Amino acid sequence: MANAVLHQTVGTLQLHGSSGIHFQGGNNSVRLVPKGFKVEVGFCKRGICSSGEKKFSIIQASASQTSVFYPVLSPSNNGTHESLKKSNEAALILIRHGESLWNEKNLFTGCVDVPLTKKGVEEAIEAGKRISNIPVDMIFTSALIRAQMTAMLAMTQQRRKKVPIIMHNENEQARVWSQIHSEDTIKQSIPVIAAWQLNERMYGELQGLNKQETADRFGKEKVHEWRRSYDIPPPNGESLEMCAERAVAYFKDEIEPQLLSGKNVMIAAHGNSLRSIIMYLDKLTSQEVISLELSTGIPMLYIFKEGKFIRRGSPIAPTEAGVYAYTRKLAQYRQKLDEMLH
Ligand SMILES: O=C(O)[C@@H](CO)OP(=O)(O)O
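Conventions and cut-offs
- Residues numbered from 1 in each chain as written.
- Predicted model: local features only at pLDDT ≥ 70, side-chain atom pairs only at ≥ 80, totals over all residues.
- Heavy atoms only, no water.
- Helix = DSSP H or I, 4+ residues; strand = E, 2+ residues; numbered from the N terminus.
- Buried < 20%, exposed > 50% of the residue type's maximum accessible area, 1.4 Å probe, protein only.
- Contact = heavy atoms within 4.5 Å.
- Areas by Shrake-Rupley, 256 points an atom, 1.4 Å probe, with all protein chains shown as cover.
- UniProt positions renumbered as here; feature names shortened; annotations may be inferred.
- Polar contact = N/O pair within 3.5 Å; in protein donor to acceptor, adjacent residues only side chain to side chain.
- Arc of directions from axis to C-beta.
- Near = heavy atom within 4 Å.
- Phe/Tyr/Trp six-rings, centres within 6.5 Å; stacked < 30°, edge-to-face > 60°.
- pLDDT = per-residue confidence, 0-100.

## Examining the overall build of the protein
Reasoning step 1: Of the regular secondary structure elements, the protein holds 11 helices and 14 strands.
Reasoning step 2: Looking at the protein residue by residue over its 342 residues, the buried ones come to 50%.
Reasoning step 3: Residue pairs in contact within the protein that sit at least 24 positions apart in sequence constitute 70% of those at least 6 positions apart.
Reasoning step 4: When the accessible surface of the protein is totalled, it reaches about 16,000 Å², and 52% of it is carbon and sulfur.

## Overview of the UniProt feature "active site" (unreviewed entry) in the protein
Reasoning step 1: Sequence positions flagged by UniProt for "active site" (unreviewed entry) are, in local numbering, H97 and E200. What stands out for the annotated residues spanning 104 residues is how close their C-alpha atoms remain, the widest pair being 10.4 Å apart.
Reasoning step 2: Within the fold, H97 resides in the loop between β8 (89–96) and α2 (101–104).
Reasoning step 3: With a relative accessible area of 2%, H97 lands in the buried category.
Reasoning step 4: Residues in contact with H97, not counting those within four places in the same chain, are N103, L116, R146, A147, T150, A269, H270, T296 and G297.
Reasoning step 5: In this structure the side chain of H97 is engaged in a polar contact, spanning 3.3 Å, whose partner is the side chain of R146.
Reasoning step 6: On the secondary structure map, E200 appears in the loop between β11 (189–194) and α7 (211–218).

## Some thoughts on α7
Reasoning step 1: If you check which residues of α7 are buried, you get K211, T214 and A215. Down the axis of α7, the buried set is contained in an arc of 100°. They therefore lie on one face. Every exposed residue of α7 that faces more than 90 degrees away from the buried side is listed here: E213, D216 and R217.
Reasoning step 2: Contact partners of the buried residues in α7: α8 (220–228).
Reasoning step 3: Looking one or two residues beyond α7, the residue adopting positive phi is G219, at roughly 100°.

## Examining the site of the ligand
Reasoning step 1: All residues adjacent to the ligand are R96, N103, L107, F108, T109, G110, E200, Y203, K211, R227, R228 and N272.
Reasoning step 2: Measuring from an oxygen atom of the ligand, one finds a side-chain N or O atom of N103 at 3.3 Å.
Reasoning step 3: Within the side chain of R228, an N or O atom sits 2.9 Å from an oxygen atom of the ligand.
Reasoning step 4: Taken by itself the ligand offers 310 Å² of open surface, and the protein chains cover 95% of this.

## What about the packing of aromatic side chains?
Reasoning step 1: Tallying each qualifying case throughout the model produces six aromatic pairs.
Reasoning step 2: Ring geometry for F251 versus Y280: centroids 5.9 Å apart, planes at 65°, classification edge-to-face. Of this pair, F251 sits in helix α9 (residues 240–260) while Y280 sits in helix α10 (residues 271–281), placing them 29 residues apart in sequence.
Reasoning step 3: Residue classification places F251 among the buried positions, given a relative accessible area of 0%.
Reasoning step 4: Centroid distance F304 to F309: 4.6 Å. Interplanar angle 40°. Geometry classified as tilted.

## Here we look at the UniProt feature "site: Transition state stabilizer" (unreviewed entry) in the protein
Reasoning step 1: Following the UniProt record, one finds the feature "site: Transition state stabilizer" (unreviewed entry) at H270.
Reasoning step 2: Under the relative-accessibility criterion, H270 is labelled buried at 0%.
Reasoning step 3: For H270, the residues in contact, after removing those within four places along its chain, are R96, H97, S142, L144, R146, A147, L198, N199, E200 and R275.
Reasoning step 4: Within the structure, H270 has its side chain in polar contact with the side chain of S142 (distance 2.7 Å).

## A look at α10
Reasoning step 1: Counting buried residues in α10 gives 10 out of 11 residues, a clear majority hidden from the surface.
Reasoning step 2: Listing the buried residues of α10 in full gives G271, N272, S273, L274, R275, S276, I277, I278, M279 and L281.
Reasoning step 3: Looking at the buried residues of α10, the elements they touch are β8, α8, α9, β12 (265–269), β13 (299–305) and β14 (308–311).
Reasoning step 4: Taken from the residues just after α10, K283 is the one with a positive phi, measuring 55°.

## Concerning the confidence of the model for the protein
Detailed conclusions should not be drawn from predicted coordinates in areas where pLDDT is low.
Reasoning step 1: When pLDDT is averaged across the protein, the result is 76; 66% of the residues are at 70 or more.
Reasoning step 2: Scored below 50 in pLDDT, residues 314–326 shows 32 contacts in the model against residues more than four places distant or in partner chains.
Reasoning step 3: Scored as a complex, the prediction yields pTM 0.72 and ipTM 0.96.

If you want it as structure tokens, here you go:
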């Protein structure tokens, strides 16, 4: 039986034994941690840790030991990449999915799970080309296929030929059945986490309705209010504020810790879930966010450095020269990659 030891109420948890442990964080996510890894229990305000029959309460944690949240996240041994990590900065790429079949038909989509059009597929591949030199370590997508297709298609263009792999942590069987049994293969993988919290804002009774016909019926102003106001929800749907509550909480709990540990992260999500995350990153007011519009399939780059997000690409218009505005470290990485490949 596994034997987990919690050092005081704040600290690291180290596993000795033959099986993994489960760590349950403040947002109820459960992760399997393999034997032999120390677990940093930072970023969890409150949680339960269990190993066999033992259970531990974690009150507050911010230990500084080796952090291995997911085994497949181990950084590559590529020296260039390592130096990027040591610089204590990380890249964050946000991509709104490419055009979907309902974007094309001008229908309110929300949480309806609609795939990309051919144009959307092309947009995703184009987006992938623009970020092909940024070594993505980890991908978060919504639970919806249009975001997942976008992420996967974009990754076909990465110069570093790692394979994006969707993590299946929904239950123990899914976890065990999708396990990878080669350390080398794990190193050549990019974990992809699909989270409903990043889904598009739930559009309630507007889902499936034509946007133009709805404006004709209820008036342009009313429909604009439903679509772009901060705190007025569409009938039985989510306001941007409600969408932000879950999307930003997920970003803070699950994504920021990965950036803090130096991982380059890509998020493929939706117009409104990304608007709410950008509102948080850029400290926009509820008035400012009203005029924030995101194009489909345009990657936006942020650099996370010393706890701050520095925007490098424009979220407003498709003039994102900024996506190529590498920091010095990213530029060095790109140069070394060029030297290695030519
Ligand atoms: O229909 C939707 O789900 C969204 C995004 O396409 O529309 P809107 O532009 O109104 O936020």
